[in-house]
Amino acid sequence: MGGTCGKENLATHTVADTGALTNLKLEKEDCSYLVGEISNIKDDKFTEVKITETKSVLVARHGKEFYAVGDRCPHAGAQLINGVVSNGKIRCPWHAACFDLKTGDLEDFPGFDCIPSYKVKVVKSNVYVQVNPKEMVDRVQKPLKKMCQRDQKVVIIGSGSEEI
C-alpha cells in the first residue's frame with residue numbers, strides 16, 4: 001500500500017529487485033503504484049493493488065496490453081477479483097454483469113453503471129497503475145428496496161400487462 005504521488009512532476013521509484021531508479025511522469029494528483037514485473041502478470045488474470053485499506057484496483061493483462069479497473073461491481077458490490085476475465089471482458093461472480101476490461105463500460109446487465117478504469121504504464125520490465133486516491137468513490141448502487149421507500153401503499157389488481 002502507498003504509492004508515489006506528484007503534481008505534474010517526475011517521481012523516482014526504486015525497483016526492489018535491481019535497485020535501479022526509474023522516472024515516471026505523473027499527471028494531476030495521481031499516485032503511481034507498482035503492480036509487479038511484466039512476467040509475473042498472467043494473461044486474463046487479475047492482480048490486486050491496494051490503494052488504501054478499503055480501496056483496491058485490479059490490473060489484468062490481455063495479450064500484450066495491461067488494463068486497470070475498479071474492484072467492485074456497481075450492481076451489488078461483488079469483488080470482481082473473484083469474477084472471470086476472458087477476451088477483454090470481466091464477468092461479475094454474483095450476477096454475471098459484464099464489463100469491458102479496457103474502458104470499464106457496462107456490456108451486459110444486471111449492472112446499472114460502468115466500473116472505473118485507470119491508466120497503466122509499463123516502464124522497463126515493471127507495470128505501474130496511476131490512481132488519484134481522492135477521486136476513488138464507492139459506486140455500488142443502493143438496494144432498490146431502500147431507494148424506493150415510500151409511505152404510500154400501492155395495490156395492483158389484475159394479472160397481465162393490460163390490467164390496471
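Residues numbered from 1 in each chain as written. Predicted model: local features only at pLDDT ≥ 70, side-chain atom pairs only at ≥ 80, totals over all residues. Heavy atoms only, no water.

Enquirer: I'd like to hear about the environment of tyrosine 67, residue by residue, with values.
Expert: Mapping tyrosine 67 onto the fold places it in strand 7 (residues 65-70). Here tyrosine 67 falls in the buried class, since its relative accessible area comes to 17%. Considered as a pair, tyrosine 67 and valine 120 are 53 residues apart in the sequence and their alpha carbons are 6.2 Å apart. (Helix = DSSP H or I, 4+ residues; strand = E, 2+ residues; numbered from the N terminus. Buried < 20%, exposed > 50% of the residue type's maximum accessible area, 1.4 Å probe, protein only.)

Enquirer: Got a sec to walk through the pattern of salt bridges? Specific residues and values, please.
Expert: Counted by the stated rule, this structure contains 4 salt bridges. A salt bridge links aspartate 71 to arginine 72; the nearest nitrogen and oxygen atoms lie 3.9 Å apart. Overall, arginine 72 belongs to the partly exposed group, its relative accessible area being 37%. A salt bridge links arginine 91 to aspartate 108, with the nearest nitrogen and oxygen atoms 3.4 Å apart. Here the residue arginine 91 occupies a position in strand 9 (residues 89-91), and aspartate 108 occupies one in strand 11 (residues 106-108), the gap between them amounting to 17 residues. Classification of arginine 91 by relative accessible area gives partly exposed; the value is 33%. (Salt bridge = Lys/Arg side-chain N within 4 Å of Asp/Glu carboxyl O.)

Enquirer: Lay out the confidence of the model for the protein chain in plain terms, naming residues and giving numbers.
Expert: Mean pLDDT over the protein chain works out to 75, with 67% of the residues at or above the 70 mark. Within the protein chain, strand 10 (residues 98-100) carries the highest mean pLDDT (93), whereas strand 2 (residues 10-14) carries the lowest (38). Counted against residues more than four places away or in other chains, residues 7-28, with its pLDDT under 50, gives 50 contacts. (pLDDT = per-residue confidence, 0-100. Contact = heavy atoms within 4.5 Å.)

Enquirer: I'd like to hear about the pairing of strand 12 (residues 117-123), residue by residue, with values.
Expert: Summarising the sheet, strand 7 and strand 12 pair through 2 bridges and their orientation is antiparallel. Within strand 12, the position partnered with alanine 68 by the bridge is tyrosine 118. Where strand 12 meets strand 13 (residues 126-131), 5 bridges bridge the pair, whose relative direction is antiparallel. By the bridge assignment for strand 13, lysine 121 is matched with tyrosine 128. Counting the residues in the hairpin turn of strand 12 and strand 13 gives 2 residues, including lysine 124, whose phi is positive at 55°. (Pairing = 2+ DSSP bridges.)

Enquirer: Hey, could you go over the environment of glycine 104 for me, with residue numbers and the actual values?
Expert: When you line up the elements, glycine 104 lands in the loop between strand 10 and strand 11. What makes glycine 104 buried here is its relative accessible area of 0%. Remark: the alpha-carbon pair of glycine 104 and serine 117, spanning 13 residues in sequence, is separated by 5.5 Å. When near neighbours in sequence (up to four residues on either side) are disregarded, glycine 104 contacts Phe99, Cys114, Ile115 and Ser117.

Enquirer: Let's hear about the side chain of aspartate 44: which residues, and what values?
Expert: With respect to the helices, strands and loops of the structure, aspartate 44 is situated in the loop between strand 4 (31-37) and strand 5 (46-50). The side chain of aspartate 44 sits in the buried core without any salt bridge; lysine 45 is the nearest counter-charge, 8.3 Å away. A polar contact is formed between the side chain of aspartate 44 and the side chain of histidine 62, at a distance of 3.1 Å. When neighbours within four sequence positions are excluded, aspartate 44 is seen to be in contact with Arg61, His62, Val85, Ser86 and Asn87. (Lys, Arg positive; Asp, Glu negative; His and termini not counted. Polar contact = N/O pair within 3.5 Å; in protein donor to acceptor, adjacent residues only side chain to side chain.)

Enquirer: Please provide a residue-by-residue account of unusual backbone geometry, values included.
Expert: Along the chain, phenylalanine 109 connects to proline 110 via a cis peptide bond; the corresponding omega equals 25°. Along the chain, proline 110 turns up in the loop between strand 11 and strand 12. You will see that asparagine 87, though not glycine, has its phi angle at about 50°, which is positive. Overall, asparagine 87 belongs to the exposed group, its relative accessible area being 63%. In the Ramachandran plot, alanine 96 falls in the positive-phi region, its phi being about 65° despite a non-glycine side chain.

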